[in-house]
Amino acid sequence: MKEKLDLNTWIRKDHFEFFNAFDEPFFGVTVEVDCTETYLEAKEKNVSFFLLYLHKSLLAANKVEPFRYRIIDGEVWTYDQVHASATINRPNGTFGFGYIDFHSDFESFKAGAIDEISKVENSTGLIPSAGGENVIHCSALPWLNFKSISHARSFSFKDSCPKLSFGQVRNEGERKMMSVSIHVNHALMDGYHVSQFVSTYQELLNQKTSDLIST
């Protein structure tokens, strides 16, 4: 479900019109998050660390409203939920795009994600995601401790989906740290909203999945 945003009453109307005219309206930041508790939880429960931190990133994105905004035919729409269009790595070094439904309950999310990952791993080609506009583009680079990242873009395609990239987990003393790149359309949000996402994501990473409050 989605609802059209009234641009005439939107406090960011001028910002939207200004940045929406850009050939490249995206901006990005790379931050470090402390994923120690989520990493330990994954080991304790013998579940995928990737799925745990991906699920918490979607929880955070769904909590911060501008991450659910999309531009469709020049209008801004708010989706009630956004899901994951994720790159799934294969053992042969290639990857495919998978569509993973968001569920606030981790077990439900995990079940759907495992099915989708298996489908991609046992196929060839890119498998274009069938998710539409209400997705977050997610990718994992577990081999790289990157400090910044850029994305391939077709400027003829008016994209407004946020993009999250997760880096290598590394040790800093007794803590587990991970780089996260966040690219968003400036017509839809500003640095303040990205900071809200980062703060919310860090709070979720610090909690056990069983303690999370459903969105």
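Above: the structure in question.
Keep in mind that this is a model prediction, so the values were computed, not measured.

For sheets, the rule is that strands pair by backbone hydrogen bonds, running either parallel or antiparallel. With antiparallel pairing, the three strands of this open sheet are ordered in space as β1-β4-β3. Looking along the sheet, the strands with just one partner apiece sit at the ends: β1 (2–4) and β3 (69–72). Along the sheet, successive strands turn relative to each other by an average axial angle of 35°, direction set aside. Across four bridges, β3 lies against strand β4 (residues 75–79) in antiparallel orientation. Paired with Y69 across the two strands is T78, which belongs to β4.

In this section: the packing of aromatic side chains. Summed over all chains, the structure comprises 14 aromatic pairs. Centre to centre, the rings of F49 and Y53 are 5.0 Å apart; their planes meet at 70°, and the pair counts as edge-to-face. Taken together, the residues span about one helical turn, with F49 and Y53 both in helix α3 (residues 49–63) at a distance of four residues. On the basis of relative accessibility, which here comes to 15%, the residue F49 falls in the buried class. A relative accessible area of 4% places Y53 in the buried class. Its guanidinium or amino end placed over the ring of W77, K2 lies 5.1 Å from that ring's centre, counting from NZ or CZ.

Turning next to the environment of A21. On the secondary structure map, A21 appears in the loop between α1 (13–19) and β2 (26–34). A relative accessible area of 62% means that A21 is categorised as exposed. In the structure, A21 is positioned 166 residues away from A187 in sequence and 8.7 Å away in space, judged by C-alpha atoms.

What the rule picks out here adds up to 13 salt bridges. In this structure, the salt-bridge partner of R175 is D34, at a minimum N-O distance of 3.0 Å. Residue R175 is found in strand β9 (residues 175–185), and its partner D34 is found in strand β2; the two are separated by 141 residues along the sequence. For R175, a relative accessible area of 33% puts it in the partly exposed group. By sharing partners, the salt bridges in this structure join E32, K147, R170 and E172 into a single network.

Okay, helix α5 (residues 191–205) next. For α5, built from 15 residues, the straight-helix expectation of 21 Å at 1.5 Å per residue is met to within 8% by its first-to-last C-alpha distance of 21 Å. Among the residues of α5, those classed as buried are H193, V194, F197, V198, T200, Y201, Q202, L204 and L205. Contacts from the buried residues of α5 go to β2, α2 (36–45), α3, β8 (163–172) and β9.

Before going further, it helps to examine the nonpolar core. Counting 45 residues, the largest nonpolar core has F67, F166, I182, F197 and Y201 as the members making the most contacts within it. Those elements that provide at least two residues to this core are β2, α3, β5 (83–89), α4 (106–121), β7 (135–140), β8, β9 and α5. Ranked by residues supplied to this core, first place goes to α3 with nine residues. With residues up to four places along the chain from it excluded, the contact list for I182 reads F27, G28, V29, V31, F67, K163, L164, V194, F197 and V198. Ranked by size, the runner-up nonpolar core spans ten residues in total, among them L7, F16, Y69 and I71.

Turning to the packing of α3 against α5, a few remarks are in order. Here α3 crosses α5 at 135°, and the two axes come no closer than 9 Å. Overall, the two elements α3 and α5 adopt an arrangement that is oblique. The handedness of the crossing between α3 and α5 is right-handed. In this structure, α3 uses Y53, K56, S57, L59, A60, A61 and K63 to contact α5, whose residues at the interface are F197, T200, Y201, L204 and L205.

Calculation criteria
Each chain has its residues counted from 1, following the order in which its sequence is written. Given that this is a predicted model, residues contribute local features only at a pLDDT of at least 70 and side-chain atom pairs are listed and counted only at 80 or more, while totals for whole chains, interfaces and linings are drawn from all residues. Side-chain numbers come from the whole structure's heavy atoms, not from hydrogens or water. Two strands pair if DSSP finds at least two bridges between them. Think of it this way: any DSSP run of H or I at least four residues long counts as a helix, any run of E at least two long counts as a strand, and we number them from the N terminus. Every angle, taken between N-to-C directions, lies between 0 and 180 degrees, and every axis is a line fitted to C-alpha atoms, over only the stretch in contact when it is a helix. Any two rings among Phe, Tyr and Trp, with Trp reduced to its six-membered ring, count as a pair given centres within 6.5 Å; such a pair is stacked if its planes are under 30 degrees apart, edge-to-face if over 60, and tilted if neither. Only protein chains enter the accessibility calculation, which uses a 1.4 Å probe; a residue is then buried when its area is under 20% of its type maximum, exposed when over 50%, and partly exposed in between. Over a ring means this: the NZ of a Lys or the CZ of an Arg is within 6 Å of the ring centre and within 35 degrees of the ring normal. Think of a salt bridge as a Lys or Arg side-chain nitrogen and an Asp or Glu carboxyl oxygen that are within 4 Å of each other. Expected span of a helix: the number of residues minus one, times 1.5 Å. Residues are treated as being in contact if the distance between any of their heavy atoms lies within 4.5 Å. Only buried residues count toward a nonpolar core, which is a set of Ala, Val, Leu, Ile, Met, Phe, Trp, Tyr and Cys residues joined through side-chain atoms within 4.5 Å. Angle categories: roughly parallel below 35 degrees, roughly antiparallel above 145, roughly perpendicular from 65 to 115, and oblique for all the rest. For a crossing to be left-handed, the near helix must be turned anticlockwise from the far one by less than a right angle; the clockwise case is right-handed.

Nothing here speaks to function; it is geometry throughout.
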